[in-house]
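Observations on the three-dimensional arrangement
One letter stands for each residue in the lines below.
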Amino acid sequence: MNQHDLDYIAHRIASAAAQYAPAHRPTAAQVADAASVLRDMLQAAQTHGVTFAHLDSVADFPRLAIQLVQSRDENR
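Quick look at the structure, then. Not measured: the values here are computed from a predicted model.

**Describing the overall build of the protein**
When helices and strands are counted, the protein shows 4 helices and 0 strands. What you see for the protein is a C-alpha radius of gyration of 12 Å, in line with the 11 Å of a compact globule of 76 residues. Reported as C-alpha extents along the three principal axes, the dimensions of the protein are approximately 35 × 25 × 20 Å. The buried share of the protein, reckoned over its 76 residues, is 28%. A separation of at least 24 residues holds for 72% of the contacts in the protein among residues at least 6 apart in sequence. If you sum the accessible surface of the protein, you get close to 4,800 Å²; carbon and sulfur atoms cover 56% of it. Across the protein, the 6 positively charged side chains and the 8 negatively charged ones have centroids separated by 5 Å.

**Quick notes on helix H2 (residues 28–46)**
Taking 1.5 Å as the rise per residue, H2 with 19 residues should run 27 Å; its terminal C-alpha atoms sit 27 Å apart, in good agreement. For H2, the full list of buried residues reads Gln 30, Ala 34, Ala 35, Leu 38, Leu 42 and Ala 45. Taken end-on, H2 shows its buried residues confined to a sector of 140°, consistent with a single buried face. Those residues of H2 that are buried lie in contact with helix H1 (3–18), helix H3 (52–58) and helix H4 (61–74).

**Structural notes on the packing of aromatic side chains**
In the structure shown here, the tally under the stated rule is 1 aromatic pair. Consider the rings of Tyr 8 and Phe 52, whose centres lie 5.3 Å apart with planes at 75°: the pair is edge-to-face. In this pair, Tyr 8 is assigned in helix H1 and Phe 52 in helix H3, connecting sequence segments 44 residues apart. Judged by its relative accessible area of 34%, Tyr 8 is partly exposed. Sitting above the plane of the Tyr 20 ring, Arg 63 keeps its charged end 4.2 Å from the centroid.

**Here's the deal with the side chain of Arg 12**
With respect to the secondary-structure elements, Arg 12 resides in helix H1. The exposure class of Arg 12 is buried, given its relative accessible area of 18%. Excluding anything up to four places from it in sequence, Arg 12 contacts Phe 52, Asp 56, Asp 60 and Pro 62.

**Digging into the packing of H1 against H2**
Where H1 contacts H2, the two axes come as close as 9 Å, and the packing angle between them is 130°. The angle between H1 and H2 places the two elements in the oblique class. Judged by the sense of rotation from one axis to the other, the crossing of H1 with H2 is right-handed. Residues Leu 6, Ile 9, Ile 13 and Ala 17 of H1 form the contact with H2, whose participating residues are Val 31, Ala 34, Ala 35, Leu 38, Arg 39 and Leu 42. Partitioning the contact of H1 with H2 into residue classes produces 9 nonpolar, no polar and 1 charged.

Procedures and definitions
Residues numbered from 1 in each chain as written. Predicted model: local features only at pLDDT ≥ 70, side-chain atom pairs only at ≥ 80, totals over all residues. Heavy atoms only, no water. Helix = DSSP H or I, 4+ residues; strand = E, 2+ residues; numbered from the N terminus. Rg over C-alpha atoms; globule rule 2.2 N^0.38 Å. Buried < 20%, exposed > 50% of the residue type's maximum accessible area, 1.4 Å probe, protein only. Contact = heavy atoms within 4.5 Å. Areas by Shrake-Rupley, 256 points an atom, 1.4 Å probe, with all protein chains shown as cover. Lys, Arg positive; Asp, Glu negative; His and termini not counted. Charge placed at Lys NZ, Arg CZ, Asp CG, Glu CD. Expected span 1.5 Å × (residues − 1). Arc of directions from axis to C-beta. Phe/Tyr/Trp six-rings, centres within 6.5 Å; stacked < 30°, edge-to-face > 60°. Lys NZ or Arg CZ within 6 Å of the ring centre and 35° of its normal. Axes fitted to C-alpha atoms, helices over the stretch in contact; angles between N-to-C directions. Parallel < 35°, antiparallel > 145°, perpendicular 65-115°, else oblique. Left-handed = near helix turned anticlockwise from the far one by under 90°. Nonpolar A, V, L, I, M, F, W, Y, C, P; charged D, E, K, R; others polar.

See the structure below:
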């Protein structure tokens, strides 16, 4: 994964975070964690020939990564 890929992940996570209503918007730490989760998911998927375009054709993975991190934090 190169810097362009990392920048794209950061952009997609930031765009997804901006779509949340202010009361439910993820914190900066959650945004960072969600970007890390998405990066790791994409790295794992790439070993199977799956690209970001494939992920996009199935679901909104940036938003799902944010929801995953928020759920984790709510259940701590």
